[in-house]
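# Analysis of the macromolecular model
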2 protein chains.
Amino acid sequence: MKHAERLKGTLDLLLLSVLTEGSAHGYALLIRLREHSAGTFDLPEGTVYPALHRLERQGLLASQWSVVDGRRRRSYDVTPAGRQALQMETAAWHDFSGGVLSVLGRRDR
Amino acid sequence: MKHAERLKGTLDLLLLSVLTEGSAHGYALLIRLREHSAGTFDLPEGTVYPALHRLERQGLLASQWSVVDGRRRRSYDVTPAGRQALQMETAAWHDFSGGVLSVLGRRDR
DNA sequence: CATTAGGCCTAGCAGTACTATGCGTCCACT
DNA sequence: AGTGGACGCATAGTACTGCTAGGCCTAATG
C-alpha cells in the first residue's frame, strides 16, 4: 500500500464511512473502499480485519455471524456511538486537511 | 496533539514545505507550523527534532551549527533531493486526500 | 485436479508521534 | 540575587497502528 503510513488515524474514518452505506462484511468493505476511491485505497485483509475488531471493541461497530452459500460471514453494522464518532472524525479530518492545505498553500503564492 | 495518529506520514511533508520558505532551526519551524496552520499543528519539540534528524539522515535536509546570542543553533536547509521529495509527497497527499473525500462524499449525496 | 475467488483470522514487524525529562542560555520581573 | 519563562537542542521509552506473511476453509472455474 503506497499510503501506508499516511493511512494511520484515517482508516477508522474510512471504514465507518463506507459502512454507513449499509451493513457489510469485512471483505466487502475492502472492495467498496477500493472502488469508491478509484483504487487509491487497496487495503490488504490484514489491515481491515484487525481494524474492524478494534472498532467493535470500542463499541463503534456491532457484528453478527451468518452463513451464506456455505461460507461463514461476519456482518458489521455501525452503532449509534459509531455514527457519532464518524461525525467527529469527519470534522477532525476536515480540520486536519485544511491545516495541511494552508501550510502547503504558502508555497504556491 | 489532537491529530497525533493522523499526522503520521504527513509530518515530513509539512516540515519540508515550511522549510522551503527559508532555512530555519527546529524551534522556529515548530512556531511557523503553528502559525501557518492557525494552531492546528501545535507540535511538541519531541516530535520535531527526531523528525528533522530523520530527514537529514535521508538526505532531504542539510544542517549546520551556528551560535546566535550565545545560544547554539542548528539551521536546516532543504537539499535538491528534499525538493524532489517534497513534490512527490505533495502529489501523494493530494491523491490521498482526494481518495478520502471521494469516500466520505458518498454519504452526503 | 488445480487454481482462483471468496471469506475469515492472527503473530510479529516496523514505522512514527508523543511524553517525560534533561541540559543550557538569556531576559524580565520582583 | 533569585525566579520564572521563553528560547533551543536532545534522547529514551511508550503506544498505537498498518502491513507482511502465513494459515484455515468453501465454492466455482479451468
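This write-up is about the structure you can find in this document. Residue positions are given per chain, counted from 1 along the sequence in the order it is written. Chains and ligands are labelled by the order in which they are written, letters from A for the one and numbers from 1 for the other. Only residues with pLDDT of 70 or above have their local features reported here, since the model is predicted, and side-chain atom pairs are shown and tallied only from 80 upward, although totals for entire chains, interfaces and linings are computed over all residues. Where side-chain values are given, they derive from all heavy atoms of the structure, hydrogens and water being excluded.

To continue, consider the interface of chain A and chain B. In many reports, interface size means the accessible area that the parts give up when they come together. Contacts are assigned to residue pairs with any non-hydrogen atoms lying within 4.5 Å of each other. Residue-level contacts link 36 residues of chain A with 36 residues of chain B. Reported buried area values correspond to the accessible surface (1.4 Å probe) lost by two parts on association, with both partners' losses combined. Around 3,200 Å² of area is buried between chain A and chain B when both sides are counted, 65% of it from carbon and sulfur atoms. Looking at the side of chain A facing chain B, the largest losses of area belong to A:Arg6, A:Trp93 and A:Phe96, adding up to 24% of the total buried there. One side-chain nitrogen of Lys or Arg within 4 Å of one carboxyl oxygen of Asp or Glu is enough to make a salt bridge. At the boundary of chain A and chain B, one finds two salt bridges. The partner of A:Glu89 in a salt bridge is B:Arg6, and the shortest N-O contact between them spans 3.2 Å. As used in this structure description, the phrase polar contact means that two N or O atoms lie within 3.5 Å; if the pair is within protein, one of them must be able to donate a hydrogen and the other to accept it, and residues adjacent in sequence are counted only when both atoms belong to side chains. The tally of links between chain A and chain B comes to six residue pairs in polar contact (both at pLDDT 80 or more). Ranked by residues supplied to the side of chain A that touches chain B, first place goes to helix H4 (residues 80-104) of chain A with 15 residues. Side-chain classes follow a simple rule in which Ala, Val, Leu, Ile, Met, Phe, Trp, Tyr, Cys and Pro form the nonpolar group, Asp, Glu, Lys and Arg form the charged group, and the remainder, Gly included, forms the polar group. Across the side of chain A that touches chain B, the residue classes break down as 14 nonpolar, 13 polar and nine charged. What counts as a helix is a DSSP run of H or I of at least four residues, what counts as a strand is a run of E of at least two, and both are numbered from the N terminus.

Moving on, we get to the environment of B:Lys8. On the secondary structure map, B:Lys8 appears in the segment before helix H1 (11-19). Only protein chains enter the accessibility calculation, which uses a 1.4 Å probe; a residue whose area is less than 20% of its type maximum is buried, one above 50% is exposed, and one in between is partly exposed. A residue is classified by how much of its surface remains accessible, and B:Lys8, at 35% relative accessible area, is partly exposed. Look past the residues within four positions of B:Lys8 in its chain and what remains in contact with it is A:Glu5, A:Arg6 and A:Lys8.

Scope: geometric values only; no functional claims are made or implied.
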